Amino acid sequence: MPTIADLLKRAQVLDPVSDTPRLDVEVLLCHVLDKPRNYLYAWPEYVLEQQALTQFKYLFARRIAGEPIAHLSGQKEFWSLSLDVNASTLIPRPETELLVETALNLFNESKIDNSKFDSAIQVLDLGTGTGAIALALASERPNWNVLAVDSSADAVKLAESNRTRLDFDNVQIDQSDWFENVNADRRFDLIVSNPPYIAPDDRHLSEGDVRFEPRSALVANDAGFADIETIILNASEFLVRGGWLLLEHGSEQGEGVRELLKAHLDDVTTWRDVAGLERVSGGRVPIGEV
Ligand SMILES: C[S@@+](CC[C@H](N)C(=O)[O-])C[C@H]1O[C@@H](n2cnc3c(N)ncnc32)[C@H](O)[C@@H]1O
């Protein structure tokens, strides 16, 4: 029977499908052994029991076939949270942390209103998926009230289960086709969204992890702009004066998103990710507008 060290040596088999083969094997071993990563280094000579070995081989074979490591372990780290993930929605991406950071900074810098920092502001997360953005914001600002919606019933179930497990009572998860089921009388200080924004004919859709994620979480018509446009068109109706809309978008969509934003909102700005790529754009309702 193989030891932990023996199985770690098999990582190179994953070279053709993964940029992080060693890490992938570590994640799978931690998952089947139900142990933290340092256990693998403390006990390299540990011999796996038959049941754990069978499970490891099954998951390893699925990884060789290209399935995302997060689907195999059922978990993904986002912000400081460990989120359950499944095939109903997007696996949270590190790039999306820029959206969370930007939202927190905007209110920190008091660009809307000094009195609103750390007060009970109202936030709407459109297309919440696992709940990643909503739960990250709620974890940083316990006083914020976050409504998070998704059109997928399975995604709503997943986000709700993450919310319950992580015990955030300042987040509510509902099913809605964008704003459709959001109470028309509600007004938000901040609307955030990482909507589908990949063009239907984008070649990346047939590569890597995205092959295993639902198209409903990835793809939007009109070269990827359809959902972004729907959100921008409707957002001001649901924002308070001075309220911000922040959207994640593709690295080459910045100019198009700014054009759409400028038709409805002021102070249109784009933020770049760590790779220097345009990743988040936003604007706010003019302070003087009724
Ligand atoms: C790119 S994923 C983002 C998920 C999550 N917010 C994140 O950043 O990891 C887009 C999400 O939008 C949801 N979605 C797609 N169309 C929608 C619609 N018409 N109304 C609400 N949500 C929608 C998808 O189900 C998916 O969960």
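Calculation rules
- Residues numbered from 1 in each chain as written.
- Predicted model: local features only at pLDDT ≥ 70, side-chain atom pairs only at ≥ 80, totals over all residues.
- Heavy atoms only, no water.
- Axes fitted to C-alpha atoms, helices over the stretch in contact; angles between N-to-C directions.
- Helix = DSSP H or I, 4+ residues; strand = E, 2+ residues; numbered from the N terminus.
- Left-handed = near helix turned anticlockwise from the far one by under 90°.
- Contact = heavy atoms within 4.5 Å.
- Nonpolar A, V, L, I, M, F, W, Y, C, P; charged D, E, K, R; others polar.
- Expected span 1.5 Å × (residues − 1).
- Buried < 20%, exposed > 50% of the residue type's maximum accessible area, 1.4 Å probe, protein only.
- Pairing = 2+ DSSP bridges.
- Near = heavy atom within 4 Å.
- Polar contact = N/O pair within 3.5 Å; in protein donor to acceptor, adjacent residues only side chain to side chain.
- Core = buried A, V, L, I, M, F, W, Y, C linked by side-chain atoms within 4.5 Å.
- Domains from an automatic or database assignment.
- Buried area = accessible area lost by both parts, 1.4 Å probe.
- Salt bridge = Lys/Arg side-chain N within 4 Å of Asp/Glu carboxyl O.

A. Region of interest: the packing of helix α2 (residues 21-33) against helix α4 (residues 50-64). The geometry of α2 relative to α4 is characterised by a closest axis approach of 9 Å and an angle of 145° between their N-to-C directions. Note that α2 runs across α4; the crossing there is right-handed. Counted together, D24, V25, L28, L29, H31, V32 and L33 of α2 and A52, Q55, F56, L59, F60 and R63 of α4 form the full contact between these two elements. A per-class count over the contact of α2 with α4 returns 9 nonpolar, 2 polar and 2 charged.

B. Seen up close, helix α6 (residues 97-108). For α6, with 12 residues, the first-to-last C-alpha span of 16 Å sits near the 16 Å given by 1.5 Å per residue. The set of residues buried in α6 consists of L98, L99, V100, T102, A103, L104, L106 and F107.

C. Summary view of the pairing of strand β7 (residues 239-248). For β7, the tally of buried residues reaches 8 of 10 residues, placing the bulk of the element in the interior. When strand β6 (residues 188-193) meets β7, the two strands line up parallel, connected through 5 bridges. The residue of β7 that forms the bridge with I191 is L245. The pairing of β7 with strand β9 (residues 278-284) spans 5 bridges and is antiparallel. Each residue of the ladder has a partner; that of L247, found in β9, is S281.

D. Structural context of the site of the ligand. Surveying the vicinity of the ligand reveals 19 residues, the closest of which are T89, G127, D150, D177 and W178. One of the side-chain N or O atoms of D177 is found 2.8 Å from a nitrogen atom in the ligand. A distance of 2.8 Å is found between a nitrogen atom of the ligand and a backbone nitrogen or oxygen belonging to W178. Its residues assigned to classes, the shell around the ligand shows 7 nonpolar, 10 polar and 2 charged.

E. Local environment of the nonpolar core. Counting 32 residues, the largest nonpolar core has V123, L137, W144, V171, L190, V192 and L246 as its most contacted members. Listing elements by their share of this core, those giving two or more residues are β2 (81-84), α6, α7 (132-140), β4 (145-150), α8 (153-166), β5 (171-175), β6 and β7. Those residues in contact with L190 that lie beyond four places of it in its chain are A103, F107, Q122, V123, L124, W144, L239, W244 and L246. Listed in part, the 30 residues of the second largest apolar core include L90, Y197, L218 and V219.

F. View of the domain arrangement of the protein. We note that the domain assignment places domain 1 (4-73) and domain 2 (86-284) within the protein. The centre of domain 1, based on its C-alpha atoms, is set 33 Å off from the matching centre of domain 2. Together domain 1 and domain 2 conceal approximately 520 Å² of surface at their shared face, both sides included; 67% is due to carbon and sulfur atoms. By the criterion of area lost to domain 2, the three top residues of domain 1 are G66, P68 and H71, representing 71% of everything that side buries. Linking domain 1 with domain 2 are 0 salt bridges. Viewed at the interface, domain 2 and domain 1 are joined by 0 residue pairs in polar contact (both at pLDDT 80 or more). A per-class count over the side of domain 1 that touches domain 2 returns 3 nonpolar, 2 polar and 2 charged.

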